[in-house]
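Breakdown of the fold
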Amino acid sequence: MRRLRTYGFVAAFLAVPFVLYTVFVISPYIQAFQISLTSWNGYSSVVSYVGLDNFGRLLRDEVFWRALRNHGVMLVTLPLVTIAIALFLSFLLNLGGGPGGSGVRGLWGSRFYRVVFFFPQVLAVAVVGVLFQAIYRPDEVGVLNGVLARLGIEPVGWLIEPSLALWSVIAVMVWQGVGFYVVLFSAGMAAIPKDYFEAAALDGAGRLRLFFSITLPLLRDTVQVGWIYLGIAALDGFALIQVLVGNKGEPDGATTILPITIYNNAFSYGKVGYASAMGVALFFLTVTFAVLTLRTTRRERVEL
């Protein structure tokens, strides 16, 4: 009887969140799957079901495949670069200093540096986009090209050169995201007993050995979570690219991504059914990425 009351008490508290989650999360997903099977234009009262025709069109859509290629580049580059920089900075802030080179203390002023590194994370994406529009301006008024002009180098079209546009966007995403992962990895490093580092330092281990033999293995789960978050961010990027380069995928499709293509089809071309099919494809791509990452990086938990 007591157990039944306990379950009833817990169920009462979970009922409202479950209903809200179902209405505002699960229901839109189901509706998107349904709309993806139609040719609905978004405002007509007549909805014609076309089955899997929209998904067949996806396989023949050059814009869709170009967007997938760009996402592939972002999926490899964004997590790898962001995590590498964040791990390096976190290690310096937590374990890179200390008297006698013991390597068990962070650098002086590490708390201040954490705030500085985290600052881009608190900026709205639109603000970041506008800021880097000024930095990437193709004339000498732009910050980067102004510096190059002083060095006698011709201005560079960071966002208008097909070979540079996507990399310039990825650089902004890395700049904005590094601070969050510095804090995340710093919290993970703070949970590692200092005795491990002190014992290794007494045995003559240098900073590289401390990092690769102790820090990185014990941060594996945290890095795994960070990789999944960054992979999901690489499959998004809508707001930043919309502000930086617009919604046409210019130049020459170099910045075409699925979220913006979905937006254009739904709100510019009136192809809501086709846009929903793209959304369903993006949903399964995201889930597949997360599942594969979890399975390929799975291992037995290391107890501290």
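Above this text sits the structure in question.
A few points on the structure. Please read all numbers here as calculations on a predicted model, not as lab measurements.

With that settled, the discussion passes to the overall build of the protein. Of regular secondary structure, the protein possesses 13 helices and 0 strands. For the protein, the N- to C-terminal ordering of α and β elements is α-α-α-α-α-α-α-α-α-α-α-α-α. Dimensions of the protein, computed from C-alpha atoms along their principal axes, come out at roughly 80 × 75 × 30 Å. Burial status across the protein gives 35% buried among its 304 residues. A separation threshold of at least 6 residues defines the contact pool for the protein, and within that pool the share at least 24 residues apart is 65%. With the model as given, the accessible surface of the protein reaches about 17,800 Å², and the carbon-plus-sulfur share is 66%. Positive and negative charge centroids in the protein, built from 22 and 16 side chains respectively, lie 11 Å apart.

Its place among the elements puts T222 in helix α10 (residues 220–234). For T222 and Y181, which are 41 residues apart along the polypeptide, the C-alpha to C-alpha distance reads 9.5 Å. With near-sequence residues (within four places) excluded, T222 lies in contact with L184 and F185.

Let us now look at the packing of helix α7 (residues 162–190) against helix α11 (residues 238–245). Where α7 meets α11, the axes come as close as 11 Å, and the angle between the chain directions of the two elements is 130°. The orientation of α7 relative to α11 falls into the category oblique. In the packing of α7 onto α11, the handedness of the crossing is right-handed. Where α7 abuts α11, its residues V169, V172 and M173 lie against L240, I241 and L244. Of the residues in the contact of α7 with α11, the class split is 6 nonpolar, no polar and no charged.

Take unusual backbone geometry next. Its identity as a non-glycine residue notwithstanding, D252 has a phi of 55°, on the positive side. The topology assignment puts D252 in the loop between α11 and α12 (258–268).

Turning our eyes to something else, we now look at the nonpolar core. Ranked by internal contacts, the top residues of the largest apolar core, which has 41 residues, are L87 and L244. For this core, the elements supplying multiple residues, two or more each, are α3 (62–95), α5 (125–135), α7, α8 (194–202), α9 (207–218), α10 and α11. Residue contributions to this core peak at 11 residues, all from α7. Residue contacts for L87: discarding those within four places in its chain leaves F185, M189, F211, L216, L219 and V223. Membership of the second largest hydrophobic core comes to 13 residues, among which are L58, A266, Y274 and A275.

Conventions adopted
Residues numbered from 1 in each chain as written. Predicted model: local features only at pLDDT ≥ 70, side-chain atom pairs only at ≥ 80, totals over all residues. Heavy atoms only, no water. Helix = DSSP H or I, 4+ residues; strand = E, 2+ residues; numbered from the N terminus. Buried < 20%, exposed > 50% of the residue type's maximum accessible area, 1.4 Å probe, protein only. Contact = heavy atoms within 4.5 Å. Areas by Shrake-Rupley, 256 points an atom, 1.4 Å probe, with all protein chains shown as cover. Lys, Arg positive; Asp, Glu negative; His and termini not counted. Charge placed at Lys NZ, Arg CZ, Asp CG, Glu CD. Axes fitted to C-alpha atoms, helices over the stretch in contact; angles between N-to-C directions. Parallel < 35°, antiparallel > 145°, perpendicular 65-115°, else oblique. Left-handed = near helix turned anticlockwise from the far one by under 90°. Nonpolar A, V, L, I, M, F, W, Y, C, P; charged D, E, K, R; others polar. Core = buried A, V, L, I, M, F, W, Y, C linked by side-chain atoms within 4.5 Å.

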